[in-house]
Amino acid sequence: MKLEEKFESNGSLVGRTRPCPGEKPRENGKAEVRAKQEADGKSHGPWRRLNRYTWQEIQRHNQETDQWLVINRKVYNVTDWARRHPGGHRVLNHYAGEDATDAFTAMHLELDVVNRYLKPLLIGELAPEEPSQERHKNAQLTEDFRHLRRTLQATHMFEAKLAFFFLHLAQILALEALAWLVLRHFGSGWMVTFIVSFLLTVSQAQSSFLQHDIGHLSVFRKSVWNHLLHKFVMCHLKGISTNWWNYRHFQHHVKPNIYPKDPDIDMGPLFLLGDVQPVKYGKKKIKYIDYEKQHLYFYMVGLPLLMPVYFNLQSMQVMYLRKHWLDIAWVSSFYLRHFVTFGPFYGIFGTVLLIYFVKLLESPWIAYVTQMSHIPMRMTREENQDWLSTQVLATCNIEQSFFNDWFTGHLNFQIEHHLFPTMPRHNYHKVAPLVRSLCAKHGLPYVNKPMLKAFGDIVRALKKSAALWVDAYYE
């Protein structure tokens, strides 16, 4: 049976948790005391009766010092836990006062393990008369999406082919070895140095895509093995902190193109993106740079400096300020390896120049791939939409071809990746028709465009945002 047929014929594959019949909504007074005790880690008896909450009550707990969220109709107080959350405290804060069921399911691999951490944070559940998600959300759309996810799980779309990823790793290591052999055989002349830099640039770009897969836990079934391999690829092969990447990238995934929650669209004061930020800067008469020309200096600043300056400096800052000693050790091994491998040919200073020259060459590649699917799309303030709408409206796909798949690390299927972050990328093309069909059913745009047009759309979007800033600034 084909995947499309399975989706159309399958009923609900996983039963949903329903409230116990006959229980009355909670009352004020003693119930408030019990809720506080449970939030403080007290009263965790196995037979305790859960307090009942309305959405109106839950939505009041949406501050950094008071964070409640809902997962599968259960209410959790994550205020104290947020600082210990492996994905960073801001991810939880972004969903405070909201239903986080689909985000929770999408971002975690071993749900049974994660649920053990959730259990002490449980303070109640939704009242029986309350819907499973906020009232303004489309319940049928949400259920259809969850049905699709269950179908994909039943058809093994979340199972990785280890050979695919290890061949990808072999490609990276082979390119690095070839660069060293070329240098050893032909010497360190200018032409050889450019050839070596090209080989290392391809290796580094492909390492970026592989670390992205591993960082999303899409290679191994056990999180611990993904984390270990992530350290090797991101820190040792690329020289960038995994913790920095996790904290930043997971925020982007749960709230893409939502200002100011998505750090990827907060590029001020250098660039102003979308419709909100340019107007905000314009009305406040903020002009750090001539933003009217941002679509032009994007080529001179944004493309070449994203990797060697912006990402690299942010990574180092986070490592040292937050004392991520393990990341520091792994990243140090990146530089040590280069000094041992290339130092005999270029010396220490020359090796540092080689490292950052390669990052300079890699930067436009990664900048185009990562920005073409988001910058031209809608950017808004928080609207608390369902998971499917949130992801689809903020992302777009690039037409599939063998080259496009390789050049983008399958991020040409950005919609499918955002909907199912832990799915191995070699399955995106199988899932795409089902996602497109679901979007059509609910009237959501499923954008798929040629790569060159996507490149041009970045500049056109920057130009549009610049015009909004000009209008607000000079009004």
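Scroll up to find the structure.
Here the structure is a predicted model, which is why all the values come from computation and not from measurement.

Q: Mind laying out the pattern of salt bridges, listing which residues take part and the relevant values?
A: This structure, assessed with the given rule, holds 24 salt bridges. Across the salt bridge formed by Glu134 and Lys137, the nearest N and O atoms sit 3.0 Å from each other. Here Glu134 matches Lys137 in class, with each residue buried. Two residues, Lys255 and Glu382, come together in a salt bridge whose shortest N-O distance is 3.0 Å. On the criterion of sequence distance, the pair formed by Lys255 in the loop between helix H11 (242-254) and helix H12 (276-283) and Glu382 in the loop between helix H14 (325-371) and helix H15 (387-394) is long-range, its members being 127 residues apart. Taking the relative accessible area as the measure of exposure, Glu382 reaches 28% and is therefore partly exposed. Among the ionic contacts, a cluster of salt bridges with common partners joins Glu98, Lys255, Lys261 and Glu382.

Q: Can you explain the sheet that holds strand E4 (residues 74-77)? Please cite residues and give values.
A: With mixed pairing, the five strands of this open sheet are ordered in space as E1-E5-E4-E3-E2. The strands lining the two open edges of the sheet, one partner per strand, are strand E1 (51-53) and strand E2 (62-63). As judged from the four bridges shared by strand E3 (residues 66-71) and E4, these two strands associate in the antiparallel manner. Along E4, the bridge assignment pairs Leu69 with Tyr76.

Q: Pulling in residues and values, what's your account of the packing of helix H9 (residues 190-215) against helix H10 (residues 223-237)?
A: Relative to each other, H9 and H10 sit at 155°, their axes nearing to 9 Å. As judged from the angle between their axes, H9 and H10 are roughly antiparallel. Helix-helix and strand crossings are classified by hand; for H9 and H10 the assignment is left-handed. Counted together, Gln204, Ser207, Leu210, Gln211, Ile214 and Gly215 of H9 and Asn226, Leu229, His230, Val233, Met234 and Leu237 of H10 form the full contact between these two elements.

Q: Report on the side chain of Gln391, specifying residues and quantitative values.
A: Assignment of secondary structure puts Gln391 in helix H15. Of the residues examined, Gln391 reaches a relative accessible area of 0% and is grouped as buried.

Cut-offs applied
- Residues numbered from 1 in each chain as written.
- Predicted model: local features only at pLDDT ≥ 70, side-chain atom pairs only at ≥ 80, totals over all residues.
- Heavy atoms only, no water.
- Salt bridge = Lys/Arg side-chain N within 4 Å of Asp/Glu carboxyl O.
- Buried < 20%, exposed > 50% of the residue type's maximum accessible area, 1.4 Å probe, protein only.
- Helix = DSSP H or I, 4+ residues; strand = E, 2+ residues; numbered from the N terminus.
- Pairing = 2+ DSSP bridges.
- Axes fitted to C-alpha atoms, helices over the stretch in contact; angles between N-to-C directions.
- Parallel < 35°, antiparallel > 145°, perpendicular 65-115°, else oblique.
- Left-handed = near helix turned anticlockwise from the far one by under 90°.
- Contact = heavy atoms within 4.5 Å.

In short, shape yes, function no, at least from these values alone.
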